[in-house]
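Topology and contacts: notes
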Amino acid sequence: MQGDGEVLFLGGVGEVAVTLGHDGLSFLPLHPELGSSCLSSIGLLPKLENKIKFSDVYAVELLDEGPVCGPWNTRIVVQGKKNSEMHRFAVHVITRSRKHPSQLVPCEYLFGHKDPETCKSLVEHLSACINNEQDRPKNLMVFVHPLCGKGRGCKNWEMVAPLFDRANVNTKVIITKRAGHAYDTLASISDKELKKFDGVVAVGGDGLFNEILNGLLNSRNKTSYPPTPEGFGYFGSTEKCQGYKNDGLNNSTPTSEAVNVMLPVGSNKSDDHEPLLSTGQSVGLDISSLNQVPSVSFPNDWFRLGIIPSGSTDAIVLSTTGERDAVTSALLIIFGRRIALDIAQVVRWKSSPSAEVLPTVRYAASFAGYGFYGEVIRESENYRWMGPARYDFSGTMVFLKHRSYDAKVAFLENENSHSLAASAENVADEVQSLQSRRKRSRKTICQANCSVCKETSTPGQDSEDEIPNSSQMIHDNPKWIWSEGRFLSVGAAVISCRNERAPDGLVAEAHLSDGFLHLLLIRDCPLPLYLWHLTQFTKKGSDPLTFKFVEHHKTRAFTFISSHDESIWNLDGELFQACEVSVQACRGLVNLFASGPEV
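It should be emphasised that the depicted structure is a prediction, and the values quoted were computed from it without experimental measurement.

Observations concerning the pairing of strand β10 (residues 139-144)
The side chains of a regular strand alternate between the sheet's two faces. Within β10, 5 of the 6 residues are buried, leaving the element largely enclosed by the surrounding structure. The pairing of β10 with strand β11 (residues 170-175) spans 6 bridges and is parallel. Within the sheet, the bridge partner assigned to N139 lies in β11 and is N170. Tracing the backbone out of β10, into helix α2 (residues 148-166) and back to the parallel element β11 gives a crossover that is right-handed. By the bridge criterion, 5 bridges tie β10 to strand β12 (residues 199-204) in an arrangement that is parallel. Within the sheet, the bridge partner assigned to L140 lies in β12 and is G199.

Following this line, the structure appears as structure tokens:
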């Protein structure tokens, strides 16, 4: 019926002439004077528009026969009877919240007609139109963390599950029963089985998402080890590193006899135990499997990951959608929204100074932090019963200890970005120098349809301001810069890491898919100055990275060496013991069900 008008009854409006176009459904009230005070006029529902775009429709539902309410200011008689029973169908759409532009609000248009075939025909036509949008998922694997955020995981899933049912999205729901459950499931699932799904959704916090991420990438990402500076020294050992050698480039290449394979994340040869990763699986390399070409690998355009926020901080969701709202995230998943997301590949070479050299690979989507950041997570494990408040309590405890650590950090220089290198000396005059310090360059904030993230549409390619690609680097010899001393913390932000306590995040100008890490080195300083630095994160529009004891470097990769026996890293809120690591940003390694935050 495209182009032809059909008279139907619309709830809250009255009789309307409906026309189907190539991009949506439009309607014209036949008695506009009767619908002047519908629900939207008193603010109970979003204002109804005169056109429904197919791109805003998440479901069309054929309903049982029943009444369709007329305009609220009239006793209109419909088809000869007041409140007549009609054949009905609902068009479920989204609109944006008036107060929060990033928040999606579901609403519906209820149509009625005396002829059931007319309703059925319209429903079939509308369903076919929205099903033509190929990005919309049909089958999803969903992991629900029942204990996260004081039990919010199950409650949030119960709230949004009807949206998926209404949109005819099949969901295989797995309630996690232990730490490592999601990781083990995804690491062991066959590629044939995995290809039945369009993506995996975490109903939980950043920790559950990290577990899913590592379970997927463990054996399916073939990215080589991060580059390392001369003198780091582990790539040259063919016995301990499976034939890898450091060629000084952005990629490490295997020797002729070596097999280009990464060790599983949950290695039971490691001398420490990760809290979320099971150590029950064998890590012996199956020789027969090495000759098989995997059918699922990353980067992967069709497979996406999603998060329905239910955790303590939900930094990944806030940084990628702008809203910590379960309904908004569920609708973005149903619509099949897609953005590429950088992932940090973290390779631990030694868990302690006396440990054997054994590379173990982990991935992080938001943040990798050492020192203060790692100690807060370790301390908070003792107070999980406190819920989200445990981070405030643990953070205060660790802050008062004011521990610093000897470490050496080398980062790959990015010639076209500005690094703020702070001096380790003369921090006593910090207060006097803050007002006179040169302002940093204007920040370009990542948002929906971000031009910086879209500069290169293909993962792995470089934009103009990035380090040259591997072939160019053969001739250009990348420059490594060393920084050493006593540090209160060492952190690398993959994304802005926004949360409710830090509205701009750790690094406001971090982008979702530009191929860079933001390395933050916080040198030892007096306790009051460190407190001043930390409090700046809680203020929107402030710049906590301009202190003289803070170094901020935009880089593709870095290495870290510490002599501390209990060196703990925080990877997306999960513990990882490592005293020597190499880290690199893998541009657009995974796709997320999101569209970027509205700014």
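On we go from here.
Some thoughts on the pairing of strand β25 (residues 574-577)
Here strand β24 (residues 568-571) runs beside β25; their pairing, made up of 4 bridges, is antiparallel. Bridged to I568 within β25 is Q577. Between β24 and the antiparallel strand that follows it, β25, lie 2 residues; D572 among them carries a positive phi value of about 55 degrees.

A word on the sheet that holds strand β4 (residues 51-53)
Strand order in the open sheet formed by 7 strands is β4-β3-β2-β1-β9-β8-β5, and the pairing between neighbours is antiparallel. Either end of the sheet is taken by a strand with one partner, and the two such strands are β4 and β5 (57-67). The mean inter-strand angle of the sheet, taken between neighbouring strand axes irrespective of direction, is 35 degrees. Two elements, β5 and strand β8 (residues 85-96), share 8 bridges in a ladder whose sense is antiparallel. Residue P67 lies in a different strand from β8, and its bridge partner there is E85. In the packing of helix α1 (residues 116-131) onto the sheet, the strands contacted are β1 (5-10), β2 (14-20), β3 (24-29), β5, β8 and β9 (104-113), and the crossing angle to β5 comes to about 170 degrees.

Details of the nonpolar core
Counting 70 residues, the largest nonpolar core has F143, I212, L305, I343 and V590 as its most contacted members. It is helix α5 (residues 206-217) that contributes the most residues to this core, 6 residues altogether. If we ignore the near neighbours within four places in the chain, the residues touching L305 are V200, F209, I212, L213, L216, V590, N591, L592 and F593. Listed in part, the 26 residues of the second largest apolar core include A161, F164, V169 and A330.

Details of the packing of aromatic side chains
Evaluation of the coordinates by the stated rule reveals 17 aromatic pairs. Taking 5.2 Å as the distance between ring centres and 90 degrees as the angle between the ring planes, the aromatic pair formed by W302 and F303 counts as edge-to-face. Plain terms: the ring middles of Y370 and W569 are 5.5 Å apart, the flat faces sit at 40 degrees to each other, and that makes the pair tilted. Placement of the pair is Y370 in strand β18 (residues 367-371) and W569 in strand β24, with a sequence separation of 199 residues.

Brief notes about the packing of helix α3 (residues 181-188) against α5
The N-to-C vectors of α3 and α5 enclose an angle of 20 degrees; their axes lie 7 Å apart at closest approach. Considering their axes alone, α3 and α5 lie roughly parallel with respect to each other. When you trace α3 past α5, the crossing you get is right-handed. Where α3 abuts α5, its residues H181, A182, Y183, L186 and A187 lie against L208, E211, I212, N214, G215 and L216. Class assignment of the residues belonging to the contact of α3 with α5 gives a composition of 7 nonpolar, 3 polar and 1 charged.

A look at the confidence of the model for the protein chain
Mean pLDDT over the protein chain: 79, with 74% of residues reaching 70 or higher. Counted against residues more than four places away or in other chains, residues 36-46, with its pLDDT under 50, gives 19 contacts. Within the model, the stretch residues 417-439 combines pLDDT values under 50 with 44 contacts to residues more than four positions away or in other chains.

Observations concerning the side chain of R136
Assignment of secondary structure puts R136 in the loop between α1 and β10. In terms of polar contacts, R136 uses its side chain to reach the backbone carbonyl oxygen of F54, at 3.2 Å. Polar side-chain contacts of R136 include one of 2.6 Å to the backbone oxygen of V57.

Some points on unusual backbone geometry
For the bond running from F298 to P299, omega is 5 degrees, close enough to zero to count as cis. Positive phi outside glycine occurs at D572, with the angle close to 55 degrees. Structurally, D572 can be placed in the loop between β24 and β25.

Considering the packing of helix α9 (residues 372-380) against helix α10 (residues 389-401)
Contact geometry of α9 with α10 gives a least axis separation of 8 Å together with a crossing angle of 125 degrees. Relative to α10, the element α9 lies oblique. Crossing hand, α9 versus α10: right-handed. Where α9 abuts α10, its residues F372, E375, V376, I377, E379 and S380 lie against R390, Y391, S394, G395, M397, V398, F399 and K401. Residues belonging to the contact of α9 with α10 are distributed by class as follows: 7 nonpolar, 3 polar and 4 charged.

About the thresholds
- Residues numbered from 1 in each chain as written.
- Predicted model: local features only at pLDDT ≥ 70, side-chain atom pairs only at ≥ 80, totals over all residues.
- Heavy atoms only, no water.
- Buried < 20%, exposed > 50% of the residue type's maximum accessible area, 1.4 Å probe, protein only.
- Helix = DSSP H or I, 4+ residues; strand = E, 2+ residues; numbered from the N terminus.
- Pairing = 2+ DSSP bridges.
- Right-handed = clockwise from strand over helix to strand, strands pointing away.
- Axes fitted to C-alpha atoms, helices over the stretch in contact; angles between N-to-C directions.
- Contact = heavy atoms within 4.5 Å.
- Core = buried A, V, L, I, M, F, W, Y, C linked by side-chain atoms within 4.5 Å.
- Phe/Tyr/Trp six-rings, centres within 6.5 Å; stacked < 30°, edge-to-face > 60°.
- Parallel < 35°, antiparallel > 145°, perpendicular 65-115°, else oblique.
- Left-handed = near helix turned anticlockwise from the far one by under 90°.
- Nonpolar A, V, L, I, M, F, W, Y, C, P; charged D, E, K, R; others polar.
- pLDDT = per-residue confidence, 0-100.
- Polar contact = N/O pair within 3.5 Å; in protein donor to acceptor, adjacent residues only side chain to side chain.

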